[in-house]
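Chain and residue survey
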Amino acid sequence: MAGTADVIEAEELRRTYAGGFEAVSGISFSVARGELFALLGTNGAGKTSTVELLEGLAPPSGGRVRVLGHDPYTERAAVRPRTGVMLQEGGFPAELTVAETVRMWAGCTSGLPEGTRRSRSMRGGGRVTGGPLDEALELVDLGRRSQVRVKQLSGGEKRRLDLALALLSRPEVLFLDEPTTGLDAEGRRATWELVRALRDGGTTVLLTTHYLEEAEALAERLAILHEGRIAASGRVDEVVAAQPSHIAFELPDGYHLGDLPPLDRLGVSSHESAGRTVRLRTHQLQQAATGLLLWARDSGVELRGLDVRSASLEEAFLKIAQDQRQEEETVR
């Protein structure tokens, strides 16, 4: 991490729409310089409403938000040139080529690096010129597609164009809203590597995504929203570690569940069985797996279908959502 100063700060942030619907209900979090922070939640959890406040697209109904030390809404001129925004959908004119789209966007974007505006003319049949413009397209592997019209791009290529435009000003803070939607596996991995490189270069990244694997692979810390409130937050490994790991296997022929070592001694917190298949849950995976394997060795048996895995962010996310729903039903 390139420093410890918080470049994004939200304190008791609220957003209420006409009619009294409160989409964001007093949330607080911060993002340090050079950190990649993921904001997660189910549909309607308040992610987009929160990100729009951080981007300065609307004023908060209550609370306080600061980006790079400024109010992104009232001091937009001080914030916007230093940030990049990748929306869920770019909505660029379909008849423009990729090169024309980049040139148009550069002309509308303030705060591009010195010399960029002077070098953004089109030459050689419409090729985009100028270091940052060429660089942005090459970063997302669209340099060879500069003369293709936007309407002819695939869904994944359109997302890569959205990302290229967000990177034009070489931003200090980058907002990524569902950046890999529509990408194939190769494109998603390439985007992950690019985002990691940006973070390692000191760019602060706030990511929203429905791909929990993506958040787990990229983010250092996260917050999970549920109905406008933060249901869980912290380091990704800490949030995941709060959920049990799993061990599954088939009981050897002639053996029953009671023949296993005492499950509490193995560190197993709960278990279930279906036919010959046993599933164990534990917060002490190494202890449980070691004890089970030693028992199998000493008993001279094979544990067929053995599956040992740590908890995942997806499991943590689903458990948190389930707990929140149950809590709400209890209150009602």
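Residues numbered from 1 in each chain as written. Predicted model: local features only at pLDDT ≥ 70, side-chain atom pairs only at ≥ 80, totals over all residues. Heavy atoms only, no water.

This next bit is on the side chain of S49. Note on placement: S49 falls in helix α1 (residues 47–54). The exposure class assigned to S49 is buried, which follows from its relative accessible area of 9%. The residues contacting S49, other than those within four sequence positions of it, are R15, Y17, A23 and V24. (Helix = DSSP H or I, 4+ residues; strand = E, 2+ residues; numbered from the N terminus. Buried < 20%, exposed > 50% of the residue type's maximum accessible area, 1.4 Å probe, protein only. Contact = heavy atoms within 4.5 Å.)

Taking 1.5 Å of rise per residue, 15 residues should cover 21 Å, and helix α10 (residues 285–299) covers 21 Å from first to last C-alpha, within 8% of that figure. If you check which residues of α10 are buried, you get L285, A288, A289, G291, L292, W295 and A296. Down the axis of α10, the buried side of the element spans an arc of 165°, and every buried residue falls inside it. Summarising the geometry of α10, the exposed residues directed more than 90 degrees from the buried face are Q286, R297 and D298. (Expected span 1.5 Å × (residues − 1). Arc of directions from axis to C-beta.)

Our next topic: the pairing of strand β11 (residues 229–235). The side chains of a regular strand alternate, first on one face of the sheet and then on the other. Here strand β10 (residues 221–226) pairs with β11 via 6 bridges, running antiparallel. Residue pairing for β11: I224 is matched across the bridge by A232. If you look at the hairpin formed by β10 and β11, you'll find 2 residues sitting between the two strands, and E227 has a positive phi there, around 50°. (Pairing = 2+ DSSP bridges.)

On the basis of which strands lie adjacent, the open sheet formed by 3 strands has the order β2-β1-β4 and antiparallel pairing. For this open sheet the edge positions go to β2 (22–32) and β4 (62–67), each flanked by a neighbour on one side alone. Pairs of neighbouring strands in the sheet enclose a mean axial angle of 15°, with direction left out of account. Bridging between strand β1 (residues 6–16) and β4 involves 5 bridges; their strand directions are antiparallel. Looking across to β4, one finds that E11 is bridged to R64. Along the sheet face, α1 touches β1, β2 and β4 and points at about 125° away from the line of β1. (Axes fitted to C-alpha atoms, helices over the stretch in contact; angles between N-to-C directions.)

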